[in-house]
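# Summary of structural features
Here's the letter readout for the chains.
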Amino acid sequence: MSRITVALFAALTCLSANVLADGITGEAGAGLSYQPHDPTGSRHEVRPVPYVDLDWGDVSLSTDDGLTWSALKTNGFSAGPFLNYLPGRTANGSLQGLHDVPDMGVVGGFVQYAPADFWRVFATVGEAVGGQQGVVGRVGGEIGYPLGGGVIGSSNLTAHFADAQQNQAFYGVSGSESQASGIARYNAGGGLQNVALTQSFEFPLATHWSLLTSASWIHLTGSAADSSIVKQVGQQDQGEVQAAVAYKFD
């Protein structure tokens, strides 16, 4: 993880510690992820990752959704602001000659409908800050279900969107970069960026401890899929697997 990523999670962890007295619930831990090095899928690598899924009152902190505040809540609907982070990329290996993209924060708003604990549909839109500017968004749904023996499964389908400025950061190639890298010049546009399907399982290990696993399929679409980087050195279809051990607060 980059310095921005580490700093953001450190700040959020400190915030979590300060609200323990307010009755925090959920899970927190750490694990490993085998994932694409960058959104073009130029290669895969193993990275340490945090796992966070905590709630205290109307404030939540999760690895996927970031820090959210449900400022409005009624009949299963909730809405409010969020703070999250967007990983960047290092242009090495097959990306040598392209530009680096720094990690960024994302600030925006969300709306969610979750009439029960085991399913939800959601949408977010935010502005990238602290690096490459641009607008990003997500629309998706998630459902959880017990499988017996304390094992819980969940399925998540999410569509990711980005404007032209944000897509250009990861999928675009300038003339000078084309000469330096051998990858054809490309100007990226905005729109639907990818669709991700994730299947997760949680296995009880001991009192308050669980093993969490997930596998994801990521399919690039639109301007992202048409990128010369993806066509020459990347992958339109990518996979990701994660495993983490987490402690449950109750």
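Anything mentioned here points back to the structure above.
Residues numbered from 1 in each chain as written. Predicted model: local features only at pLDDT ≥ 70, side-chain atom pairs only at ≥ 80, totals over all residues. Heavy atoms only, no water.

For the protein chain, the count of helices and strands is five helices and 13 strands. Here the C-alpha radius of gyration of the protein chain, 19 Å, is about what a compact globule of 250 residues would show, namely 18 Å. Once the C-alpha set of the protein chain is aligned to its principal axes, its extents read approximately 55 × 35 × 30 Å. Across the 250 residues that make up the protein chain, the buried fraction comes to 40%. Considering only intrachain contacts with a sequence separation of at least 6, the fraction spanning at least 24 residues in the protein chain is 56%. Each charge class in the protein chain was averaged separately, 10 positive and 21 negative side chains, and the resulting centres sit 7 Å apart. (Helix = DSSP H or I, 4+ residues; strand = E, 2+ residues; numbered from the N terminus. Rg over C-alpha atoms; globule rule 2.2 N^0.38 Å. Buried < 20%, exposed > 50% of the residue type's maximum accessible area, 1.4 Å probe, protein only. Contact = heavy atoms within 4.5 Å. Lys, Arg positive; Asp, Glu negative; His and termini not counted. Charge placed at Lys NZ, Arg CZ, Asp CG, Glu CD.)

Right, let's talk about the pattern of salt bridges for a bit. Under the criterion given, the structure shown has six salt bridges. Among the ionic pairs, Glu 45 bridges to Arg 43, the shortest N-O distance being 3.9 Å. Classification of Arg 43 as partly exposed rests on a relative accessible area of 27%. The salt bridge involving Lys 73 is made with Asp 58; its shortest N-O contact spans 3.5 Å. One end of the pair, Lys 73, is in strand β5 (residues 72-74); the other, Asp 58, is in the loop between β2 (44-56) and β3 (59-62), with 15 residues separating them in the sequence. The exposure class assigned to Asp 58 is partly exposed, which follows from its relative accessible area of 37%. Linked by salt bridges that have partners in common, Asp 65, Arg 120, Arg 138 and Glu 142 make up one network. (Salt bridge = Lys/Arg side-chain N within 4 Å of Asp/Glu carboxyl O.)

This paragraph deals with the packing of aromatic side chains. Applying the stated rule across the entire model yields five aromatic pairs. With a centroid separation of 6.3 Å and 35 degrees between ring planes, the pair formed by Phe 201 and Phe 203 is classed as tilted. Classification of Phe 201 by relative accessible area gives partly exposed; the value is 29%. For Phe 203, a relative accessible area of 31% gives the class partly exposed. Taken together, the ring pairs in this structure connect Phe 77, Tyr 113 and Trp 119 into an aromatic cluster. (Phe/Tyr/Trp six-rings, centres within 6.5 Å; stacked < 30°, edge-to-face > 60°.)

All right, on to the nonpolar core then. Val 101, Met 104, Ala 128, Ala 169, Phe 170, Tyr 171, Tyr 186, Ala 188, Leu 220, Ala 224, Ala 225 and Val 230 form the largest nonpolar core, which has 12 residues in total. Of the residues forming this core, the biggest block, three residues, is contributed by helix α2 (residues 164-171). With sequence-adjacent residues up to four places away left out, Val 101 is seen in contact with Gly 88, Arg 89, Ala 169 and Phe 170. (Core = buried A, V, L, I, M, F, W, Y, C linked by side-chain atoms within 4.5 Å.)

So, about the side chain of Arg 120. Along the chain, Arg 120 turns up in strand β8 (residues 119-129). A polar contact is formed between the side chain of Arg 120 and the side chain of Gln 112, at a distance of 2.7 Å. What Arg 120 contacts, discounting residues up to four positions off in sequence, is Asp 65, Gln 112, Tyr 113, Ala 114, Gly 140, Gly 141 and Glu 142. (Polar contact = N/O pair within 3.5 Å; in protein donor to acceptor, adjacent residues only side chain to side chain.)

One can find Thr 198 in strand β11 (residues 191-206). Assessed through its relative accessible area of 18%, Thr 198 is described here as buried. Within the local environment of Thr 198, its side chain forms a polar contact with the side chain of Ser 216, the two groups lying 2.7 Å apart. Excluding residues within four positions of it along the chain, Thr 198 makes contact with Ser 154, Ser 155, Asn 156, Ser 214, Ala 215 and Ser 216.

Two strands pair when backbone bridges link them, and strand β10 (residues 151-162) and β11 are joined in this way by 11 bridges, in the antiparallel orientation. By the bridge assignment, Asn 156 is partnered in β11 with Thr 198. When β11 meets strand β12 (residues 209-220), the two strands line up antiparallel, connected through 12 bridges. Opposite Ala 196, over in β12, you have Ile 218 as the bridge partner. If you look at the hairpin formed by β11 and β12, you'll find two residues sitting between the two strands, and His 208 has a positive phi there, around 75 degrees. (Pairing = 2+ DSSP bridges.)

This brings us to α2. Taken as a whole, α2 has its buried residues at Gln 166, Asn 167, Ala 169, Phe 170 and Tyr 171. The arc that holds every buried residue of α2, seen down its axis, measures 160 degrees, which confines them to one face. (Arc of directions from axis to C-beta.)

Where nonpolar side chains cluster on the molecular surface, the patch consists of Leu 32, Tyr 34, Val 46 and Val 241 and spans about 390 Å² of accessible area. Here Tyr 34 lies in strand β1 (residues 25-36). (Patch = residues over 30% accessible without salt bridge, like charges linked within 9 Å, V, L, I, M, F, W, Y side chains within 5 Å. Areas by Shrake-Rupley, 256 points an atom, 1.4 Å probe, with all protein chains shown as cover.)

As defined by bridge partners, strand β4 (residues 66-69) adjoins strand β6 (residues 77-86) across two bridges and the pair is classed as antiparallel. Note on β6: the bridge partner recorded for Leu 67 is Leu 83. Taken together, β5 and the strand that follows it, β6, pair antiparallel across an intervening segment of two residues, in which Asn 75 is found at a positive phi of about 50 degrees. With 10 bridges joining them, β6 and strand β7 (residues 104-116) adopt antiparallel strand pairing. Opposite Gly 80, over in β7, you have Phe 110 as the bridge partner.

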